[in-house]
Structure formats: structure tokens, C-alpha cells
Amino acid sequence: MGTVSNTAGSGKKKKTALITGITGQDGSYLTEFLLEKGYEVHGIIRRSSNFNTQRLDHIYVDPHNSSARMKLHYGDLTDASALRKWVDTICPDEVYNLGAQSHVGVSFENPDYTADVVATGALRLLEAVRTHIESTGRQQIKYYQAGSSEMYGATPPPQDENTVFHPRSPYAVSKVAAHWYTVNYREAYGLFACNGILFNHESPRRGENFVTRKITRAVGRIKIGLQKKLFLGNLKASRDWGFAGDYVEAMWLMLQQEKPDDYVVATEESHTVEEFLEEAFGFVGLDWKECVEIDPRYFRPSEVDNLRGSAEKARKVLGWKPKVGFKQLVAMMVSGDLERANREKVLVDNGYIDSHQQP
Ligand code: NDP
Ligand code: GDR
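Residues numbered from 1 in each chain as written. Chains lettered and ligands numbered in written order. Predicted model: local features only at pLDDT ≥ 70, side-chain atom pairs only at ≥ 80, totals over all residues. Heavy atoms only, no water.

1. A few points about helix H8 (residues 273-283)
Those residues of H8 not exposed but buried are Val273, Phe276, Leu277, Ala280 and Phe281. Down the axis of H8, the sector holding all buried residues measures 115°, keeping them to one side. Its buried side turned inward, H8 meets helix H6 (211-224), strand E8 (230-232), strand E12 (271-272), strand E13 (292-294) and helix H10 (326-349). Positive backbone phi, approximately 75°, marks Gly285, located one or two places after H8. (Buried < 20%, exposed > 50% of the residue type's maximum accessible area, 1.4 Å probe, protein only. Helix = DSSP H or I, 4+ residues; strand = E, 2+ residues; numbered from the N terminus. Arc of directions from axis to C-beta. Contact = heavy atoms within 4.5 Å.)

Spelled out as C-alpha cells, the structure:
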């Protein structure tokens with residue numbers, strides 16, 4: 001794990017960011033984005049029995065190398081003392097709280113844990129930032145909270161910053177709590193704290209049990225003959241799907257404003273899971289109806305039917321707009337997974353793995 005240094009070789013202070021959830025989809029894109037901007041990036045990672053830094057491997061530089069600007073530290077959103085220690089040690093200019101048990105379906109099965117990490121975890125990190133500022137008399141630390149369109153839940157679209165929250169899962173309820181903790185720390189202590197209310201965003205790095213990636217993984221494997229069927233739940237749900245690489249820029253922009261505020265980030269276009277299937281299977285000339293079967297296991301006890309954001313405020317105030325559209329996003333994900341399936345096939349054909357194993 002890395003040592004901590006705050007100054008560039010020139011003597012000019014380099015900006016420093018601390019990211020929870022750095023090993024996740026958004027964490028990896030945000031790290032790339034901030035490194036590109038010249039930041040030193042510190043990430044909190046959880047201990048696991050195997051390394052789980054695959055999304056960061058391509059930008060990893062050994063910390064013994066003086067050019068390393070990404071540094072990883074063990075910690076957890078359930079561990080307040082570790083959070084405080086890393087805020088004290090790193091003295092970041094900006095903190096991005098992206099860490100979460102982020103799967104809506106799983107949150108029905110692990111509700112306590114989800115609340116602990118997503119809701120109380122945000123509170124612990126806000127408290128670490130607040131008490132650090134109070135005890136050191138240091139300048140402001142800017143804080144970003146990863147909020148979610150799931151907070152709108154049952155409230156019909158279009159959803160913007162003034163839309164009423166009606167969360168429909170333990171995950172979404174926990175995100176609502178994290179949202180209000182963030183607002184409260186801004187109002188009570190003058191903390192520079194922003195909520196980004198981000199609608200679904202995907203990429204070739206999306207976790208494989210979210211519906212988009214589950215579909216594009218299956219398209220690649222079915223096309224190449226490694227798999228026959230894809231089992232899914234509710235195909236009628238509609239989501240506002242954007243590209244994760246575009247969305248991390250909005251997170252950063254929020255922290256560059258004069259005043260902290262909350263912003264919706266969305267493409268303003270919504271598609272059903274069925275439409276995603278049509279586009280993804282169609283991209284490789286397959287008919288999804290011949291491959292998809294419904295498994296009630298994937299239905300949720302309460303569903304979010306329709307999300308479509310209005311990102312007018314982000315467009316006007318942040319000057320942000322998405323660059324990647326729906327068709328381009330699906331093409332990018334299917335192409336990535338076709339390539340991966342081709343690599344898998346080489347291993348299967350040569351007897352290194354069987355077709356049920358992941359390489
Ligand atoms: P991922 O599931 O890909 O990543 C979640 C990250 O949180 C991982 O790095 C994970 O670590 C980490 N994490 C999980 N539990 C803990 C814990 N107890 N302590 C510290 N870190 C933990 O999510 P995304 O990158 O897609 O999303 C980033 C954030 O944005 C999340 O908060 C998510 O809820 C929110 N969000 C996401 C949207 C999306 O469409 N992607 C939309 C709106 C909000 P590990 O690798 O060890 O599992
Ligand atoms: P979501 O994403 O719940 O919107 O949360 P997910 O991809 O899991 O579900 C989207 C919709 O697809 C339906 N669905 C299935 N979902 C999964 N995962 N697996 C299936 O087999 C399946 N079949 C149908 C779901 O019911 C749902 O309606 C994501 C996460 O990234 C959150 O962390 C984030 O806050 C929100 O997006 C915005």
C-alpha cells in the first residue's frame with residue numbers, strides 16, 4: 001500500500017483526491033480522469049482473499065516507483081476509524097464517495113449490510129471529513145456523494161432535482177439517507193458537499209450481474225457458441241442508460257463550482273430491457289427471442305418501472321452533456337464482450353478451461 005505525498009516535483013501543490021469504491025466501474029473511470037488532470041489519486045480498497053483490482057491494473061504503477069500517482073489503502077466504509085485515519089493521512093482536496101453494495105436485487109437479500117455500507121458508510125465518511133477539518137483547522141475538503149436515480153423509484157418521469165423520492169428497495173432507501181446526510185452536513189457545518197443523482201450508466205467495465213452487462217456478456221458467448229440461453233427477470237422496466245466515462249466528468253465538475261449543490265446526470269432518453277436486448281442481439285445478427293428465458297428468481301419484490309432524467313441543471317450550470325448515445329453504448333459493450341468471448345474460446349478449445357468457467 002502506498003505512502004502519502006502532497007507535493008509535485010515543481011514544489012507546486014498537486015491536487016489530491018480520495019476515492020472510496022475505486023475498484024468499481026466508476027472508480028476506475030474517475031481515477032483515469034483525475035490522473036489525466038494531474039491529480040494524485042488515493043483509493044480505499046477492501047481486503048479480499050483474491051486481488052480485485054482488475055479494473056485498475058492497466059493504470060497501476062508500483063508505489064515504489066516515484067512516478068506513481070495512484071495509491072491504494074486498505075479500508076472499509078463500515079470502519080469509521082480507518083476512514084478518519086486515511087482522511088488525516090492523505091489530507092485530500094476532494095473526496096468522492098463511490099463505495100457501495102450497489103446491486104438493487106442483492107439489497108433485498110442483504111438489507112442490513114446494504115444500509116450499513118450505503119447509508120451509515122456515507123455518514124461515517126462525512127463525519128471523518130468534518131472532524132478532520134474541525135481538528136486541523138484546515139481549508140475546505142470537497143465531498144461528492146454518489147446518489148442514484150433509484151431514489152425516485154415509483155415517482156414517474158421525467159425526474160429532476162425537485163422530484164419527490166419514493167425509493168423501492170433497501171438500496172434505494174439507503175441512498176436517500178446518504179443524500180440527506182450530505183445535504184445536512186452542507187447546511188449544518190457548511191461542508192462543500194454535493195449529491196450527484198446519477199441515472200444508470202454502463203460500460204464494458206460494468207459488473208457482470210447488472211442487466212446490460214449480463215446481456216452483452218451473453219451475446220458474445222452465444223455468438224461464439226459458448227452458451228445457449230440467457231435467463232432474465234422483468235423485461236418491461238425502462239432505464240435512462242448512459243456511458244460511465246461521460247458521467248465521471250460530471251462528478252468532478254460539481255466539485256469545481258463556487259457553491260456546493262445537487263445535480264441530476266442523465267441522457268434524458270429511456271429504453272426498456274427488451275429494447276436493450278433487441279439492440280444488443282441485433283448487433284451480431286441474432287434474435288433475442290430465441291435465446292432469452294424468463295426466470296422469476298430475477299424479479300424484485302418491488303420494482304422501479306420507469307426512469308428518465310431531466311439533466312437541464314447539469315447542462316446549464318456545469319456545461320455537461322453526454323457524448324455517448326444508446327446505440328453507441330450497446331455497440332461498445334457488445335464489441336468488448338465479443339472480443340472477450342473469442343479469448344475464452346481459445347482457452348476452451350485448448351482444454352485450459354471448460355465453457356462454464358470464467359478465465
Ligand atoms: P460498483 O458496484 O462497480 O462498485 C462499487 C465499489 O464499492 C467497489 O469498488 C466495491 O469494492 C466498493 N465497496 C463495496 N462495499 C464496500 C465497503 N463496505 N467499503 C468500501 N468500499 C466498498 O458500482 P459503480 O461503480 O457502478 O457505482 C459507483 C457508485 O455510484 C455506487 O455508490 C453506486 O451505488 C452509485 N451509482 C451507480 C450508478 C450506475 O449506474 N453505475 C448510478 C447511480 C449511482 P469491491 O471491488 O471490493 O467490491
Ligand atoms: P438497476 O440496474 O437496478 O437499475 O440499478 P440493473 O441492471 O440491476 O437492473 C435494471 C433493470 O433490469 C431488470 N432486470 C434485471 N436486472 C438484473 N440485474 N439481472 C437480471 O437478470 C434482470 N432481468 C431484468 C431489473 O429488474 C431492473 O428493472 C443500477 C445500479 O447500478 C445501482 O447501483 C444504481 O443506483 C442504479 O442502476 C441507477
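2. As for the packing of aromatic side chains
Across all of its chains, the model carries ten aromatic pairs by this definition. Judged by centre distance (5.4 Å) and plane angle (45°), the ring pair of Tyr152 and Phe165 falls under tilted. Highlighted residues: Tyr152 in the loop between strand E5 (142-148) and helix H5 (170-189) and Phe165 in the loop between E5 and H5, separated in sequence by 13 residues. There is no split in this pair, since Tyr152 and Phe165 are both buried. (Phe/Tyr/Trp six-rings, centres within 6.5 Å; stacked < 30°, edge-to-face > 60°.)

3. Considerations on the side chain of Thr212
Inspection of the secondary structure puts Thr212 in helix H6. Thr212 gets classed as buried once you look at its relative accessible area, which sits at 1%. A distance of 2.4 Å separates polar atoms of two side chains, one belonging to Thr212 and the other to Glu202. Apart from residues no more than four positions distant in its own chain, Thr212 is found in contact with Glu202, Arg206, Trp241, Phe276 and Met333. (Polar contact = N/O pair within 3.5 Å; in protein donor to acceptor, adjacent residues only side chain to side chain.)

4. Observations concerning the pattern of salt bridges
Applying the stated rule across the entire model yields 26 salt bridges. Between Arg205 and Glu32 there is a salt bridge, with the nearest N and O atoms lying 2.8 Å from each other. Of this pair, Arg205 sits in the loop between strand E7 (201-202) and H6 while Glu32 sits in helix H1 (residues 25-36); the two residues are 173 residues apart in sequence, bridging distant segments of the chain. The network of salt bridges with shared partners includes Glu208, Arg217, Arg221, Arg340 and Glu344. (Salt bridge = Lys/Arg side-chain N within 4 Å of Asp/Glu carboxyl O.)

5. Section: the site of ligand 1
As a structural note, the neighbourhood of ligand 1 is formed by 26 residues, with Thr23, Asn52, Asp76, Ser102 and Tyr171 the closest of them. Measuring from a nitrogen atom of ligand 1, one finds a side-chain N or O atom of Tyr113 at 3.3 Å. Arg206 places a side-chain nitrogen or oxygen 3.2 Å from a nitrogen atom of ligand 1. Taken by itself ligand 1 offers 900 Å² of open surface, and the protein chains cover 90% of this. Broken down by secondary-structure element, the contributors of at least two residues to the shell around ligand 1 are H1, helix H4 (111-136), E5 and H5. In terms of residue count, the dominant contributor to the shell around ligand 1 is E5 (three residues). (Near = heavy atom within 4 Å. Areas by Shrake-Rupley, 256 points an atom, 1.4 Å probe, with all protein chains shown as cover.)

6. Notes on the nonpolar core
Membership of the largest hydrophobic core comes to 61 residues, with the highest contact counts inside it found for Leu34, Tyr96, Tyr144, Ile215, Met254, Leu277 and Phe281. Looking at which element gives the most residues to this core, the answer is helix H7 (residues 244-255), with nine residues. Built from parts of two domains, this core gets at least three residues from each of domain 1 (16-204 + 240-265) and domain 2 (211-238 + 270-302 + 325-347). Setting aside residues up to four positions removed in sequence, Tyr144 forms contacts with Val95, Tyr96, Asn97, Leu98, Cys194, Gly196, Leu198, Met251, Met254 and Leu255. With 21 residues, the next largest nonpolar core counts Trp86, Ala122, Val129 and Ala193 among its residues. (Core = buried A, V, L, I, M, F, W, Y, C linked by side-chain atoms within 4.5 Å. Domains from an automatic or database assignment.)

7. Brief notes about the pairing of E5
In terms of burial, E5 is largely enclosed, as six of its seven residues are buried. Taken together, the four bridges between strand E4 (residues 94-97) and E5 define a ladder with parallel strand orientation. Paired with Tyr96 across the bridge in E5 is Tyr144. For E5 and strand E6 (residues 193-198), the ladder comprises six bridges, and the chain directions are parallel. Note that in E6 the partner of Ser148 across the bridge is Leu198. Note that the unit made of E5, H5 and E6 has a crossover that is right-handed. (Pairing = 2+ DSSP bridges. Right-handed = clockwise from strand over helix to strand, strands pointing away.)

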